[in-house]
Amino acid sequence: MSGISTPRGTQDILPPETEAWQYLEGIIREIARKFCYEEIRTPIIEHSELFQRGVGKETDIVSKEMYTFEDKGGRSLTLRPEGTAPVARAFLQHNLQERGLPQKLFYIGPMFRYERPQAGRYRQHHQFGFEALGGSEPGLDVEVISIAITIFKSLGISTFKILLNSIGCSKCRPKFLLALKDHLRPSLPDLCPDCQRRLEINPMRALDCKNPTCQPFLDAAPSPSQMLCAECKEHFEEVQSLLRFYNFDFEISPRLVRGLDYYTRTVFEVVSPELGAQNSLCGGGRYDGLIEAIGGPPTPGVGFAGGIERAFLILKSAGISMPPLKKFFIVYQERLFEEALKIMKDLRQAGIPTEMSFERKSLSWQLKTADKKGFYGALILGEEEAKSGTLILKLLSTGEQKTLRVPDLLETLKHIA
Ligand code: HAM
């Protein structure tokens, strides 16, 4: 089909890149297993109301970026822009609290946001997310931060910074919002149109504004973490002291408020200078009011989600590549077709990735094919070798080769593959 390509802001993930994705996802699953977080898979589509109530009608995500449509039954559905509200919905719908609290869950999958695409920002992107529902202790906040750090370190990513803030709770936030409005109101005509609008409907979001004209007014603005109630203050201090216990360097970022309305108390981001404008590798925080906002009983929660494409951008700029799968191609003289089939069957059974061509073409054609397809090694089965019960292992990237006895083949390849 000529002329039809992927929709703007979406991408095909092709081999061998898919192999790197599987490897990265494998690391995430392994770390989830070690931290005892279980996988949850929720639908890609949800009722639009879930995000309107959970993430917040006035957020950019809900007001500008959702892929929302009416289905044939007249229901308003939305391609999920994020994973936390769906996990909270599933927790509530299936009474997951009965499995014991906190429920520790993780997910990996695509999210959809109608944003202006640029490096590191796509309309379909992939997140890995970890959520702990039903626990309010600061130790849980620090546990999810430490999962994020463990993942990035395991991938070899080291150039990042942890930004931390507390945005208080329903008790202390109103006082802060009043102070913020009082601070910004005299400068209203000088603020960007977005901030002028935000000041009325969602003033805290103004703190996050990137417009240079607003910066001097925002730099001097009060921070939510300066106006916490006694309980939120104690929680914030405990989070910091546990982060120090884990030896994590972090920076208090007084203007970090995040772009989703469900957050309470702790918010954090892991950012990397190598990502440019879209510098957030992962973000998260506590959302003690979310489950109530979507119709459940008061239930605290905390979690984060990271962007897989952004992790790959950093790995690429640091020159780190995932170890490729070592695959072997059997190259055989036509007469030895059945011998080749047998070897392929034995190797596959032993778990060694093996392929051969069924076209029975020349040795040089087969070798070229193996090279073009990116095979690690060729196993060459020629007349001479067949006579002596041997074959040649040729490493295609270096040209290095050695003769092996067929009975020793499995053992040798197991050490290499
Ligand atoms: P978020 O900060 O909107 O948080 O997204 C999480 C991560 O997804 C970001 O840090 C970024 O790495 C990646 N990301 C977001 N949008 C895009 C995009 N358009 N293109 C590429 N990557 C993107 C959430 O979604 C919350 N649900 C996180 C959370 C979980 N909070 C508590 N639990």
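Before reading further, recall that the structure is shown in the block above.
Reading the values: the criteria
- Residues numbered from 1 in each chain as written.
- Predicted model: local features only at pLDDT ≥ 70, side-chain atom pairs only at ≥ 80, totals over all residues.
- Heavy atoms only, no water.
- Axes fitted to C-alpha atoms, helices over the stretch in contact; angles between N-to-C directions.
- Helix = DSSP H or I, 4+ residues; strand = E, 2+ residues; numbered from the N terminus.
- Parallel < 35°, antiparallel > 145°, perpendicular 65-115°, else oblique.
- Left-handed = near helix turned anticlockwise from the far one by under 90°.
- Contact = heavy atoms within 4.5 Å.
- Buried < 20%, exposed > 50% of the residue type's maximum accessible area, 1.4 Å probe, protein only.
- Arc of directions from axis to C-beta.
- Pairing = 2+ DSSP bridges.
- Near = heavy atom within 4 Å.
- Polar contact = N/O pair within 3.5 Å; in protein donor to acceptor, adjacent residues only side chain to side chain.
- Areas by Shrake-Rupley, 256 points an atom, 1.4 Å probe, with all protein chains shown as cover.
- Nonpolar A, V, L, I, M, F, W, Y, C, P; charged D, E, K, R; others polar.
- Salt bridge = Lys/Arg side-chain N within 4 Å of Asp/Glu carboxyl O.

Caption draft 1: Main features of the packing of helix 1 (residues 17-34) against helix 5 (residues 138-154). Between helix 1 and helix 5, the shortest axis-to-axis distance is 10 Å and the interhelical angle comes to 140 degrees. In terms of axis orientation, helix 1 runs oblique to helix 5. The interaxial crossing formed by helix 1 with helix 5 has right-handed handedness. Each of I27, I28 and I31 in helix 1 lies in contact with helix 5, whose residues at this interface are I147, T150, I151 and S154.

Caption draft 2: Fine view of helix 2 (residues 48-56). Among all positions of helix 2, only S48, L50, F51, G54, V55 and G56 are buried. Each buried residue of helix 2 sits inside an arc of 150 degrees when the element is viewed along its axis, so together they form one side. The inward-facing, buried residues of helix 2 abut strand 2 (45-47), helix 3 (60-64), strand 3 (67-70), strand 4 (76-79), helix 4 (84-93) and helix 10 (290-293).

Caption draft 3: Focus on the sheet that holds strand 6 (residues 124-133). The mixed open sheet is built from eight strands, whose spatial order is 1-5-6-11-10-9-7-8. Pairing within the sheet leaves two strands with one partner each, and these edge strands are strand 1 (38-39) and strand 8 (250-252). Pairing geometry for strand 6 and strand 11 (residues 301-307), over seven bridges, is antiparallel. Bridging from a neighbouring strand, G129 pairs with A305 of strand 11.

Caption draft 4: Focus on the site of the ligand. The ligand sits among 26 residues. The nearest are E82, E115, E131, Y263 and S280. Between the ligand and the protein, one listed contact pairs a nitrogen atom with a side-chain N or O atom of T84 at 2.8 Å. Between the ligand and the protein, one listed contact pairs a nitrogen atom with a side-chain N or O atom of Y263 at 2.6 Å. In isolation the ligand has 660 Å² of accessible area, and contact with the protein removes 96% of it. Only strand 6, strand 10 (280-286) and strand 11 provide two or more residues apiece to the shell around the ligand. The element that contributes the greatest number of residues to the shell around the ligand is strand 10, accounting for six residues. Taken together, the residues that form the shell around the ligand break down as nine nonpolar, ten polar and seven charged.

Caption draft 5: Summary view of the pairing of strand 7 (residues 161-166). Burial within strand 7 is extensive, with five of its six residues counted as buried. Inspection of the sheet shows strand 7 paired to strand 9 (residues 264-271) by six bridges, in the antiparallel sense. Across the sheet, the residue bridging to L163 is E269, located in strand 9.

Caption draft 6: Quick peek at the pattern of salt bridges. Per the stated rule, a full pass over the model turns up 28 salt bridges. E39 is paired through a salt bridge with R29; the nearest N and O atoms lie 2.8 Å apart. Of this pair, E39 sits in strand 1 while R29 sits in helix 1, and the two are ten residues apart along the sequence. Across the salt bridge formed by E115 and R121, the nearest N and O atoms sit 4.0 Å from each other. In this structure, E115 and R121 share a single accessibility class: buried. What emerges from the salt-bridge pattern is a single network uniting R29, E39 and R41.

Geometric descriptors of this kind do not, in isolation, establish any biological role.
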